[in-house]
Amino acid sequence: MILLAIILFDGICNFCNSSVQFIINRDPKGFFQFASLQSEIGQELLKKHNIPQTTDSFVLIDDPKAYIESTAALKVCSRLTWPWKLFVVCMIIPKPLRDRVYRWIAGNRYRWFGKQESCMLPSQNMRDRFIE
């Protein structure tokens, strides 16, 4: 049995949507599946893992655990192709410092990258990676 992890992302954020496409292109084994934070399944998973449903953070659900902010991003990098795996060494940076940088980027993502009116519709070849 192959275990999969789920990435919850902000479906209206251009940066987040680009990040999902980046991950898909560097995850040839298809370890990650995706759902928007705004979706019904996204909200259910947040509730199940005791993450506030108002969160707008990148979330990694790797049952039985859930990770947010910089830890989620770095754990995702550890599963990607070379050289992205190397970013896992950033885990040695204290979490409060990593998360401060993460929150600064996240807090400016709409201003820097814009947002969409609705969640991204995955292309036909990516559709099986998204859960509804």
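Residues numbered from 1 in each chain as written. Predicted model: local features only at pLDDT ≥ 70, side-chain atom pairs only at ≥ 80, totals over all residues. Heavy atoms only, no water.

Caption draft 1: Just the sheet that holds strand S4 (residues 65-68), in detail. The 4 strands lie next to each other as S2-S1-S3-S4, forming an open sheet whose pairing is mixed. Edge positions in the sheet fall to strand S2 (32-36) and S4, since each of these pairs with one other strand and no more. Shown here is a sheet whose adjacent strand axes are inclined to one another by a mean of 20 degrees, direction ignored. Pairing geometry for strand S1 (residues 5-9) and strand S3 (residues 59-62), over 3 bridges, is antiparallel. Note that in S3 the partner of Ile7 across the bridge is Leu60. Contacting S1, S2, S3 and S4, helix H3 (residues 69-77) crosses the sheet at an angle of about 110 degrees to S4. (Pairing = 2+ DSSP bridges. Helix = DSSP H or I, 4+ residues; strand = E, 2+ residues; numbered from the N terminus. Axes fitted to C-alpha atoms, helices over the stretch in contact; angles between N-to-C directions. Contact = heavy atoms within 4.5 Å.)

Caption draft 2: Representation of the packing of aromatic side chains in the model. Enumeration according to the criterion identifies 6 aromatic pairs in this entry. Geometrically, the ring pair formed by Phe15 and Phe113 is stacked, given 4.7 Å between the ring centres and 25 degrees between the ring planes. Of this pair, Phe15 sits in helix H1 (residues 14-25) while Phe113 sits in helix H4 (residues 95-113), placing them 98 residues apart in sequence. When its relative accessible area of 31% is taken as the criterion, Phe15 is described as partly exposed. An angle of 70 degrees between the planes, with centres 5.0 Å apart, marks the rings of Trp104 and Trp112 as edge-to-face. Taken together, Phe15, Trp104, Trp112 and Phe113 form an aromatic cluster joined through their ring pairs. Over the face of the ring belonging to Phe31 we find Arg79, whose NZ or CZ atom lies 3.7 Å from the ring centre. Sitting over the face of the ring of Tyr110, Arg109 holds its NZ or CZ atom 4.8 Å from the ring centroid. (Phe/Tyr/Trp six-rings, centres within 6.5 Å; stacked < 30°, edge-to-face > 60°. Buried < 20%, exposed > 50% of the residue type's maximum accessible area, 1.4 Å probe, protein only. Lys NZ or Arg CZ within 6 Å of the ring centre and 35° of its normal.)

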